[in-house]
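# Chain and residue survey
So the chains spell out like this:
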Amino acid sequence: MGVLSKLYAYIYLRGFRIWSSYKTQMVLNVLSWILPVFTYYFVGTSLGGELESFGISSYTAFVVIGLAFQGYVSSTITTISQRLRNEQLYGTIEYYVLSEGGVLSFLIYSALWGFTINSVNAGVILGIGELLHVDFHVNVLSTLIVFALLLSSALGLSMISAGFTMLVKQGNPISFFFSTFTTLMSGTVFPVTVLPSWIKDISLAIPLTWALEGLRFTMLEGYGIGGVLGIVEVLLLFNAVLLPLGGWFYLYSFNRSRRKGTLSEY
Amino acid sequence: MIEVDKISKTFRVKGKEIRALDKISFQLGKGEICGLVGHNGAGKTTLIKILSTLIVPDAGEARVENHDVVKEANFVRKLLGVMTVSERAFYYRLTGMENLMFFASIRGLSLSEARSRAKELLEMVGLLEWKDIPYMKYSTGMARKLALARALITDPPVILMDEPTLGMDPISSREFRRLVESLGRNRTVLMTSHNMVEVEDLADRVVILNRGKLIASGSPRELKERVGTMKLVRTKMPDSRLRKYIVGLSDQYFILRVPENMNVEGDEVSREPATLEDVFVSLTDEVDSTTNRSRGGGGWRRWAS
Ligand SMILES: Nc1ncnc2c1ncn2[C@@H]1O[C@H](COP(=O)(O)OP(=O)(O)O)[C@@H](O)[C@H]1O
Ligand SMILES: [Mg+2]
């Protein structure tokens, strides 16, 4: 099996070693995590009490949770699509097909690296939140459950997106949607209730919207599992659809590429 | 052991059909090194990739150590060491050692196995002193050796290599050949090459593809005997069909190198036994179809004069 060696390979070597070898990129990455927190913090303070009418008691707390967890979906999806595209151009993808565990293993471990780097990101943002006096009341168990469901739905979406990358090469619609629209639609920096109703309906079709709402309950209000049961059920439903659909589509895209001879760039 | 049985593959690109392989059959046993040759676009890479489970054939069957490359793809993958053409297929910012450890880990070796295997292989291909140098600093020769090392990670019984010596200098490629020769003693090796000297030196068997069809196969000796003796003929204006035989030209004459039984007008200069290159030139079409078409008929006379 060699899980340890795969973690070493994917997370340390291909993940951390390469990421940290681009020093400027690394600094910019970290800045891009931190700066939005302050931007929205000042937006919040300048608007003052206005936001309370939308049912938000502390805007800073709202934003901190939103920014800390949004990356798990958008950046994992785009990272994996870009990753796959590069491996295709370089021709390394063929060695993943030949590897133990094959392309599914490639996807899961690549997502794991995405999750790892996002967890550093989330940690930094939550830490800043603490400094900005966000009043956390965390129920660990229910937080972990919602968090796990968020990750697995991100995995499902990543597989669909990666499948598109294999099939259409350029212009991946899934990756585009999630990198561009999540901040707007999933209640990251403002509640979805302010959106026009038809956009709000779309936002309800994104698992992140539900997960963020759930995490705000479990991390700010200390809700137990009973308090977020409805949200957990919806997330389970997303997973029940996204994981099998994603897995099927992802493997289909590879088999199709093997028939067309387009695994690596032709 | 490799068995290829009436393998065919047609690619479809924008409604156009390209018949890359047409009912190819041959067999290779353990201990055999086979050179797969043919002009650009003959179908060599497609065949190597089908055997590597990276392309699915349309028809026919292929087996590696008695396992079907389509139906038992996952099992076959464990038996293969593969070296693709791409020199880009490593991580540039990782060292040679790290790259090998990476690919060893994803092939299922444990961390300690991966480390010792990587060292062993680097030593074997002569890269040990370069092991901590980033891959991006490697020369083509070093890069190709690292790719060979990667192909050997699982100590596979069957090795498939696509143009392994492409871009190597003569000394590196000679070293490389000796390495492959020793590896081939108890394995089955199939490799493509455009270098006929290399194939003649290394291969026990040669398979020649021409426009997706297998046109000849046998030991280099058998193939050379089939073509026999070549004669060098000095002639004024050769027929355009003969242009692939031109080996020299002066102001007034062309020198042709043709099989002795071929009727060509001109003065015979000398006779020599056929080389593998002569076999290749005599049996395959002039150039690959695309360049032929774009150059247009008769154009060769212009470059010749
Ligand atoms: N994925 C593909 N899609 C379409 N055509 C392809 C593909 N792969 C190869 N071909 C075509 O098939 C023929 C054989 O190609 P290839 O096997 O790469 O030849 P070789 O390796 O002998 O140069 C060529 O005409 C090539 O253009
Ligand atoms: Mg080729």
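Predicted model only: the values in this text are computed from it and were never measured. (Residues numbered from 1 in each chain as written. Chains lettered and ligands numbered in written order. Predicted model: local features only at pLDDT ≥ 70, side-chain atom pairs only at ≥ 80, totals over all residues.)

## A look at the overall build of chain A
- Helices and strands together make up the secondary structure of chain A, namely 10 helices and 0 strands.
- Ordered by position from the N terminus, the helices and strands of chain A form the series α-α-α-α-α-α-α-α-α-α.
- Oriented by its inertia axes, the alpha-carbon framework of chain A measures out at about 60 × 40 × 35 Å.
- Residues classed as buried in chain A amount to 44% of the 266 residues present.
- If you take every contact in chain A between residues at least 6 apart in sequence, the share linking residues at least 24 apart comes to 80%. (Helix = DSSP H or I, 4+ residues; strand = E, 2+ residues; numbered from the N terminus. Buried ≥ 20, exposed ≤ 12 C-beta atoms within 10 Å, placed from the backbone. Contact = placed C-beta atoms within 7 Å.)

## Description of the overall build of chain B
- The secondary structure content of chain B amounts to 11 helices and 14 strands.
- For chain B, the C-alpha radius of gyration of 22 Å lies close to 19 Å, the compact-globule estimate for 305 residues.
- For the C-alpha atoms alone, the extent of chain B along its principal axes is close to 70 × 45 × 40 Å.
- Across the 305 residues in chain B, those meeting the buried criterion constitute 42%.
- In chain B, the proportion of contacts linking residues at least 24 apart, taken out of those at least 6 apart, comes to 69%. (Rg over C-alpha atoms; globule rule 2.2 N^0.38 Å.)

## Focus: the domain arrangement of chain B
All names here are of chain B.
- What the domain assignment lists for chain B is domain 1 (2–218) and domain 2 (224–304).
- Those elements that provide at least two residues to the side of domain 1 that touches domain 2 are helix H7 (196–202), strand E9 (205–210) and strand E10 (213–218).
- Among the residues forming the side of domain 1 that touches domain 2, the class breakdown is 7 nonpolar, 5 polar and 2 charged. (Domains from an automatic or database assignment. Nonpolar A, V, L, I, M, F, W, Y, C, P; charged D, E, K, R; others polar.)

## Details of the sheet that holds strand E14 (residues 267–273) of chain B
Residue and element names in this part refer to chain B.
- Pairing within the open sheet is antiparallel, and its 4 strands lie in the order E12-E13-E11-E14. Single-partner strands in this sheet number two, and they are strand E12 (246–249) and E14. Across the sheet, the mean angle from the axis of one strand to that of its neighbour is 25 degrees, orientation sign disregarded.
- As judged from the 6 bridges shared by strand E11 (residues 229–235) and strand E13 (residues 254–259), these two strands associate in the antiparallel manner. The residue of E13 that forms the bridge with Arg-234 is Ile-255. (Pairing = 2+ DSSP bridges. Axes fitted to C-alpha atoms, helices over the stretch in contact; angles between N-to-C directions.)

## Some thoughts on the sheet that holds strand E4 (residues 59–64) of chain B
Residue and element names in this part refer to chain B.
- Spatial ordering of the open sheet is given by E2-E1-E4-E5, a layout of 4 strands whose pairing is antiparallel. The strands lining the two open edges of the sheet, one partner per strand, are strand E2 (16–28) and strand E5 (67–68).
- Where strand E1 (residues 2–13) lies against E4, 5 bridges are found, and the strand directions are antiparallel. The residue bridging Ser-8 from the neighbouring strand is Ala-59, located in E4.

## Digging into the site of ligand 1
- By nearness alone, 16 residues border ligand 1, and Gly-261 of chain A together with Phe-11, Lys-44, Thr-45 and Thr-46 of chain B come closest of all.
- Around ligand 1, the nearby residues trace back to chains A and B.
- When contributions to the shell around ligand 1 are tallied by element, the ones reaching two or more residues are E1, E2 and helix H1 (44–51) of chain B.
- For the shell around ligand 1, the element with the highest residue contribution is H1 of chain B, accounting for 3 residues.
- Residue composition of the shell around ligand 1, grouped by class: 6 nonpolar, 8 polar and 2 charged. (Near = placed C-beta within 6 Å.)

## Describing helix H1 (residues 3–21) of chain A
- The sharpest bend along H1 of chain A reaches about 30 degrees and sits at Tyr-12 of chain A.
- Taken residue by residue, H1 of chain A has Ser-5, Lys-6, Ala-9, Tyr-10, Leu-13 and Arg-14 of chain A as its buried positions.
- Against helix H5 (102–131) of chain A together with helix H3 (96–106) and helix H4 (111–124) of chain B lie the buried residues of H1 of chain A. (Bend = angle between axes of the 7 residues up to and from the residue.)

## Comments concerning the pairing of E12 of chain B
All names here are of chain B.
- Taken together, the 3 bridges between E12 and E13 define a ladder with antiparallel strand orientation. Following the sheet pairing, Leu-249 is matched in E13 by Phe-254.
- Linking E12 to E13, which pair antiparallel, is a turn of 4 residues.

## Overview of the packing of H1 of chain A against H3 of chain B
- Relative to each other, H1 of chain A and H3 of chain B sit at 140 degrees, their axes nearing to 8 Å. Relative to H3 of chain B, the element H1 of chain A is oriented oblique. Crossing hand, H1 of chain A versus H3 of chain B: left-handed. Here H1 of chain A contributes Ser-5, Lys-6, Tyr-8, Ala-9, Leu-13, Arg-14 and Arg-17 of chain A to the contact with H3 of chain B, which in turn contributes Glu-98, Met-101, Phe-102, Ser-105 and Ile-106 of chain B. (Parallel < 35°, antiparallel > 145°, perpendicular 65-115°, else oblique. Left-handed = near helix turned anticlockwise from the far one by under 90°.)

## Focus: the pairing of E10 of chain B
Residues and elements named next belong to chain B.
- Note that E9 and E10 share 5 bridges and pair antiparallel. Across the sheet, the residue bridging to Ile-208 is Ala-216, located in E10.
- In this antiparallel pair of consecutive strands, E9 and E10, the connection spans 2 residues, and Arg-211 shows a positive phi of 45 degrees.

## Regarding the interface of chain B and chain A
- Across the boundary between the two partners, chain B contributes 27 residues, which contact 26 residues of chain A.
- Elements with a contribution of two residues or more to the side of chain B that touches chain A: strand E6 (80–83), H3 and H4 of chain B.
- Broken down by class, the residue content of the side of chain B that touches chain A amounts to 16 nonpolar, 6 polar and 5 charged.

## Some points on the nonpolar core
- Counting residues in each nonpolar core, the largest one holds 149 residues, and the members touching the most others are Ile-65 and Ala-211 of chain A together with Leu-51 and Leu-190 of chain B.
- Per-element tally for this core: the top contributor is helix H3 (residues 59–90) of chain A, with 14 residues.
- Shared between two domains, this core holds at least three residues of each, these being domain 1 (2–218) and domain 2 (224–304) of chain B.
- What Leu-51 of chain B contacts, discounting residues up to four positions off in sequence, is Ile-2, Ala-62, Val-64, Val-69, Leu-160 and Leu-190 of chain B. (Core = buried A, V, L, I, M, F, W, Y, C linked by C-beta atoms within 7 Å.)

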